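The primary structure of each chain is shown beneath.
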Amino acid sequence: MRISFLCHSILRLASIVLGCCLLLASCRSYEQMEVVNMRCEYSAEPVAIDGEQVRFTWVYQLNDALSGFTQRSVEVRVAESEQALSDVAQCVAASGRVRTSRPYVVLPTDGLKAESRYCWQVRVYNNLGREILCSPVAWFSTAKLHDHKWQGRWITDSYDKNYQPAPMFRKRFMAKGDIASARLYISAAGYYDAKINGKRVSDDWLNPAFTHYDKRNLYLVHDVTELVREGANVITTTLGNGFYNEYTGMSVWDYEDARWRNRPRMICELQIEYKDGGKDVVASDASWRTATGEVLGNVIYAGDIIDARCEVEGWDDAQVDDSSFAAAVECAAPSSLLVAQQMPPIRASETVEPTAMKQISDREYVFTFAENMAGVCTLNVRGEAGTRIEMEHGELLKADSTVEMGNIAIYAEKVGDASFQQDVFILKGDTLEEFTPRFHYNGFQYVTVRADKPIELSRNSLKAHFLHTDVESVGDFRSSNEMMNKLWRAVRRSYLSNLYGIPTDCPHREKNGWTADAHVSIDIALTNYDAILAYEKWIDDFIDNQRADGSISGIIPSAGWGYDDWIGPVWDAAMFIIPNALYNYYGDKRAIEKIYPVAERYLQYLAQRENEEGTVTYGIGDWCYYKTQTPTDFTTTCFYYYDNLLMARFAELLGSDSSKYETKAIVLRELINNKYLDRTTGIYSIGKITAQALPLALGIAPEEMEKLVAARLNEAVVSGGYICDFGLLGSKYALRMLVKYGYVETAYRLATQTRRPSWGNWIENGFTTPLETWAIRDNFADSSANHVFFGDIAAWMQSDLAGINYDESQPGFENIIIRPHFPEEMEWAEASFKSVRGVISSAWHRSRSRSHNRIILEVTIPVNTTATIYTDGIYRVQGNGKPLRFVVNARAVKSKYNI
């Protein structure tokens, strides 16, 4: 017994020593870890928090090669000062210790005050409740929280909505010395261009974002501390029409008849805080002065008309007496809801010079830029006073090197002085003048500058600004196939060209938020850009768009156009697919919570539209197909099933009853398989590419039939000559389903095909953004050269070639799926993705050894995540942010599919 007791004591002592060593090692490991990328509402140090809840997120980073870490419990504290964070009793909000592995905490804003600045901090605890890590301090500011009353009033001028010159407003004010901070809260119905003492309040364009103006308006907050000076100051604004007051009716989208249409108006407050604790507020009201000046007109589909001779001298000079100008008119708010814009504003990500200029005559010049884009141009020109200069923007050149407008101007007509994608500048004369339009944007690669009198221009006379909603780039891809690299860059460029407060179809002809264009492009968006706030804003637009009967329009926002049956449920599915994608990529349910009641009403609406088979069949489907049209009754029924499937998931996530949606999905699945599937051959509907890919992608095909259905998909591609004989649905799902079921080589040949119709054919023909159709049509119908909806191939490169994927069962990249594929003709591929949990990377290359089947795979998995890696085996790893290397037998990977 003594020996036993002695052994037991030694073992116990050893375990204590081991435990202490492990604890010390653990403590040392935490010393090498830090909290980074701290964000509030997915923004770094935001200044306009304005909601009932606020979300806090962060990322862990290890600074050496120690093993990984799993978060067990955390606490977020919010206080008015950094010192107060150390004492929870002094904090204005605190989560308490939350047991979660997610670096994500939501707090109510009840304890926060409007127009206030707060700091916050994350504290991390181990299983024993001991604090092991404390983050740096980050900051955020609230805006008009809890419907805090505005001191400003909505103002406009005395003209009606048909008066074309842009309204301008002006307010002089005095500021004391020792200014601590100055913030401008501002909104407009239409767009505002605001300055203080002649300097713009930000580098943003086209603020605020487009909404249903009679339902919801957005305001922004600008830090203008550096612009306000001691003594006399002046704040000035010019308002543009945007989609609020499209007075021409030059396009077919009915914005000229919008129920909200009116003369542009604005509201603002300039809040100045002094170091001595004092505060001044300069608020919009009837004391402001108004005039019109050099902006004689502006149309979102046409351009700005600027006459420099009409400039109001001294308008931006605080010393100029403005008592002779008319008083502003206080007016009604456009809507009852004025909320802070959380999504990033539109900014210029590039300012580029032309690559060439051709002089047609001494009155006409054509400028060429390297790539297609969306934005505006700045022209520097000298000429005789009164010279009229027109600047026309297009995507194509004619044989004679002049700009072709036919492919994008098909739905627009000249109205008065407004011509499609054309700015007009009238010179003051006698000096070098600079013109930049502020109230519209174009889609273009070529610009014609023509004048009614001789002018002399050089290649340096024009520069272009590439504008888009300023989402952060988070994805990257490169490979041994340069054509694919060019295509990937082209798709990204097109995506940005079509993000202007809403995801659009094209940046010129329509500028509309087409719903299907957005849902087939959602993986492009979220694998490449941190776009959650942009899409959450668009979900608000869905809410405002829905009619009392539950229907929505095919374009959102809409002035009333697009509720017709010809559009239909395949397009409407965006209300399910996009919130679902946001949840998969971010692990955040807010979009689902917002859309849920809208989706409920919509499915009730569809139930009332059902035929005798219990489905709906109206609308369009595989839009912009090449030759083969997949029947729309089939595609519509498939998406009606998918709507219910996703709605059942939403219900479960929100703790609601999902049974009726699950039941309906089962019934529709049985209907589709009984009506459209030949169980002997595995052929769905017409048996072509989209018809075979769609049931596999949406989970409709019976499990025992999946391989046979996939084999028929492969045969459809091969027998068709590896060309893109499909429309937007096929472009989304064909490549993904081919790879999923083992037809990697077929997918690669389809993806790299250069014979028309194909993605590669665009690149071979010099296009720098994807087309709306597989080829520019002779009659130019639907022939935009900057449409993103065929571009999911770019996201496919990242997810299926490089292999970075979310795990739907553990969303928000809590567990990461790495599943690369190795087409025989590819030598290497690599991608990275900055997820909400940190940077993920996957890179592979073929070994330089004699065996072409040997692949070297290197992956990086972030701290506080796990990964499942599928190659020639299945590997499960815990992330530590350091590279992991695998040697893969490519032949073994291929053999797993038994093909």
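Draft legend 1. Looking closely at the overall build of the protein chain. A tally of helices and strands in the protein chain yields 17 helices and 47 strands. Whereas a compact globule of 899 residues would reach a radius of gyration of roughly 29 Å, the protein chain reaches 30 Å, a difference of no more than 12%. The dimensions of the protein chain, computed from C-alpha atoms along their principal axes, are 105 × 70 × 60 Å. Relative to its full complement of 899 residues, the protein chain shows a buried share of 62%. Contacts in the protein chain between residues far apart in sequence, at least 24 positions, make up 74% of those at least 6 positions apart. Total accessible area computed for the protein chain in this model is approximately 34,200 Å², and 47% of it derives from carbon and sulfur atoms. Put simply, the protein chain has 94 plus and 115 minus side-chain charges, and the middle of one group is 6 Å from the middle of the other.

Draft legend 2. Quick look at the pattern of salt bridges. In the structure shown here, the tally under the stated rule is 47 salt bridges. Residues Glu-80 and Lys-113 are paired through a salt bridge, measuring 3.3 Å at the closest nitrogen-oxygen approach. Residue Glu-80 is found in the loop between strand E3 (73-79) and strand E4 (93-94), and its partner Lys-113 is found in the loop between strand E6 (104-108) and strand E7 (117-125); the two are separated by 33 residues along the sequence. On the accessibility criterion, Glu-80 (45% relative accessible area) is partly exposed. One salt bridge in this structure joins Lys-453 and Glu-384, with 3.3 Å as the shortest N-O distance.

Draft legend 3. Structural view of unusual backbone geometry. Omega for the bond connecting Asn-207 with Pro-208 falls within 30 degrees of zero, at -10°, which places this linkage in the cis form. Topologically, Pro-208 is positioned in the loop between strand E14 (199-200) and strand E15 (217-223). Geometrically, the link from Arg-756 to Pro-757 is a cis peptide bond, its omega value of 0° lying close to zero. Within the secondary structure, Pro-757 sits in the loop between helix H14 (744-752) and helix H15 (759-764). The phi dihedral of Glu-45 is positive, around 50°, even though this residue is not glycine.

Draft legend 4. Broad picture of the confidence of the model for the protein chain. On average, residues of the protein chain score 94 in pLDDT, and 95% of them are at 70 or above. Contacts from residues 1-29, a stretch scored under 50 in pLDDT, to residues over four places away or in other chains number 4 contacts.

Draft legend 5. Structural view of the packing of helix H2 (residues 482-497) against helix H16 (residues 792-801). Where H2 meets H16, the axes come as close as 8 Å, and the angle between the chain directions of the two elements is 125°. The orientation of H2 with respect to H16, classified from their angle, is oblique. When H2 is examined against H16, the residues Met-484, Leu-487, Trp-488 and Val-491 are found in contact with a partner set consisting of Ile-793, Ala-794, Trp-796, Met-797, Gln-798 and Leu-801. By residue class, the composition of the contact of H2 with H16 is 9 nonpolar, 1 polar and no charged.

Draft legend 6. Layout of the nonpolar core. Residues Tyr-495, Trp-759 and Trp-796 are the most contacted members of the largest nonpolar core, which totals 215 residues. A total of 11 residues in this core trace back to one element, the largest contributor, which is helix H9 (residues 632-653). Discounting chain neighbours no more than four positions away, the residues touching Trp-759 are Leu-487, Cys-724, Phe-726, Ser-731, Leu-735, Leu-750, Ala-751, Trp-774, Phe-790 and Ile-793. The next biggest cluster of nonpolar side chains, apart from the first, holds 29 residues, and it includes Met-38, Val-122, Ile-132 and Ala-138.

Draft legend 7. Local environment of the side chain of Ser-335. Mapped onto the fold, Ser-335 is located in the loop between strand E23 (329-330) and strand E24 (338-340). Among the polar contacts listed, one links the side chain of Ser-335 to the side chain of Asn-217, at a separation of 2.5 Å. With near-sequence residues (within four places) excluded, Ser-335 lies in contact with Tyr-213, Asp-214, Lys-215, Arg-216 and Asn-217.

Draft legend 8. The arrangement of helix H11 (residues 689-697) in detail. Along H11, 8 of the 9 residues are buried, which leaves the element largely enclosed by surrounding structure. For H11, the full list of buried residues reads Ile-689, Thr-690, Ala-691, Gln-692, Ala-693, Leu-694, Pro-695 and Leu-696. Looking at the buried side of H11, the elements it contacts are H9, strand E39 (683-684), helix H12 (706-719) and helix H13 (728-740). Directly after H11, the chain includes Gly-699, whose backbone phi takes a positive value near 75°.

Draft legend 9. Local environment of the packing of aromatic side chains. Summed over all chains, the structure comprises 47 aromatic pairs. Centroid distance Phe-56 to Phe-140: 6.0 Å. Interplanar angle 65°. Geometry classified as edge-to-face. Of the two residues, Phe-56 sits in strand E2 (residues 53-62) while Phe-140 sits in strand E9 (residues 138-141), which places them 84 residues apart along the sequence. As far as the burial class goes, Phe-56 and Phe-140 line up, both buried.

Draft legend 10. Highlighting the environment of Ala-385. Following the sequence through the fold, Ala-385 ends up in the loop between strand E27 (364-381) and strand E28 (388-394). Each C-alpha atom, one on Ala-385 and one on Lys-428, is 4.8 Å from the other, the two residues being 43 residues apart in sequence. With near-sequence residues (within four places) excluded, Ala-385 lies in contact with Leu-427, Lys-428, Gly-429 and Lys-453.

Draft legend 11. The arrangement of the packing of helix H7 (residues 574-586) against H9 in detail. One way to put it is that H7 packs onto H9 with a least axis distance of 9 Å and a crossing angle of 45°. Here H9 runs oblique to H7, going by the angle between their axes. The element H7 and its partner H9 pack so that their crossing is left-handed. The residues of H9 that touch H7, namely those facing Met-575, Phe-576, Ile-577, Pro-579, Asn-580, Tyr-583 and Asn-584, are Phe-639, Tyr-642, Asp-643, Leu-646, Met-647, Arg-649, Phe-650 and Leu-653.

Draft legend 12. Broad picture of the sheet that holds strand E40 (residues 804-806). An order of E40-E41-E45-E46 is seen for the 4 strands of this open sheet, with the pairing classed as mixed. In this open sheet, the two strands that pair with only one neighbour each are E40 and strand E46 (874-878). Across the sheet, the mean angle from the axis of one strand to that of its neighbour is 25°, orientation sign disregarded. In the sheet, strand E45 (residues 866-870) pairs with E46 via 5 bridges, with the strands oriented antiparallel. Counted as the bridge partner of Ile-869 is Tyr-875 from E46.

Draft legend 13. Spatial organisation of the sheet that holds strand E11 (residues 167-175). Taking strand neighbours across the sheet as the criterion, the 6 strands line up as E14-E13-E16-E11-E19-E22 in an open arrangement whose pairing is antiparallel. Two strands in the sheet have a free side with no partner beyond their single neighbour: E14 and strand E22 (326-327). Pairing of strand E19 (residues 289-292) with E22, which is carried by 2 bridges, proceeds in the antiparallel orientation. Bridging from a neighbouring strand, Arg-289 pairs with Ala-327 of E22.

Draft legend 14. Representation of the pairing of strand E17 (residues 265-274). Counting buried positions over the 10 residues of E17 gives 9, a clear majority of the element. Both strand E12 (residues 179-189) and E17 contribute to a ladder of 10 bridges, which runs antiparallel. From the neighbouring strand, Ala-182 faces E17, where its bridge partner is Ile-272. Bridge count between E17 and strand E18 (residues 279-283): 5 bridges; the pairing is antiparallel. Bridge pairing in E18 places Glu-269 opposite Ala-283. Between E17 and the antiparallel strand that follows it, E18, lie 4 residues; Gly-277 among them carries a positive phi value of about 95°.

Draft legend 15. Seen up close, the side chain of Thr-238. Tracing the backbone shows Thr-238 in strand E16 (residues 231-240). Discounting residues that sit within four places of it in the chain, Thr-238 has contacts with Ala-166, Pro-167, Met-168, Tyr-191, Tyr-192, Asp-193, Val-295 and Phe-439.

Draft legend 16. Local environment of the environment of Trp-150. If you trace the backbone, Trp-150 turns up in the loop between E9 and strand E10 (155-156). As for Trp-150 and Glu-269, which are separated by 119 residues in sequence, their C-alpha atoms are 7.8 Å apart. When sequence neighbours within four positions are dropped, the list of residues in contact with Trp-150 reads Lys-144, Tyr-185, Ile-186, Tyr-219, Ile-267, Cys-268, Glu-269 and Leu-338.

Draft legend 17. Molecular detail of the environment of Gly-873. Mapped onto the elements, Gly-873 comes out in the loop between E45 and E46. We classify Gly-873 as buried; its relative accessible area is 19%. Sequence separation of Gly-873 and Val-888 is 15 residues, and the distance between their C-alpha atoms is 8.5 Å.

Draft legend 18. Main features of the pairing of E45. Within E45, 4 of the 5 residues are buried, leaving the element largely enclosed by the surrounding structure. The antiparallel pairing of E45 with E46 creates a hairpin that spans 3 residues between the two strands.

Procedures and definitions
- Residues numbered from 1 in each chain as written.
- Predicted model: local features only at pLDDT ≥ 70, side-chain atom pairs only at ≥ 80, totals over all residues.
- Heavy atoms only, no water.
- Helix = DSSP H or I, 4+ residues; strand = E, 2+ residues; numbered from the N terminus.
- Rg over C-alpha atoms; globule rule 2.2 N^0.38 Å.
- Buried < 20%, exposed > 50% of the residue type's maximum accessible area, 1.4 Å probe, protein only.
- Contact = heavy atoms within 4.5 Å.
- Areas by Shrake-Rupley, 256 points an atom, 1.4 Å probe, with all protein chains shown as cover.
- Lys, Arg positive; Asp, Glu negative; His and termini not counted.
- Charge placed at Lys NZ, Arg CZ, Asp CG, Glu CD.
- Salt bridge = Lys/Arg side-chain N within 4 Å of Asp/Glu carboxyl O.
- pLDDT = per-residue confidence, 0-100.
- Axes fitted to C-alpha atoms, helices over the stretch in contact; angles between N-to-C directions.
- Parallel < 35°, antiparallel > 145°, perpendicular 65-115°, else oblique.
- Nonpolar A, V, L, I, M, F, W, Y, C, P; charged D, E, K, R; others polar.
- Core = buried A, V, L, I, M, F, W, Y, C linked by side-chain atoms within 4.5 Å.
- Polar contact = N/O pair within 3.5 Å; in protein donor to acceptor, adjacent residues only side chain to side chain.
- Phe/Tyr/Trp six-rings, centres within 6.5 Å; stacked < 30°, edge-to-face > 60°.
- Left-handed = near helix turned anticlockwise from the far one by under 90°.
- Pairing = 2+ DSSP bridges.

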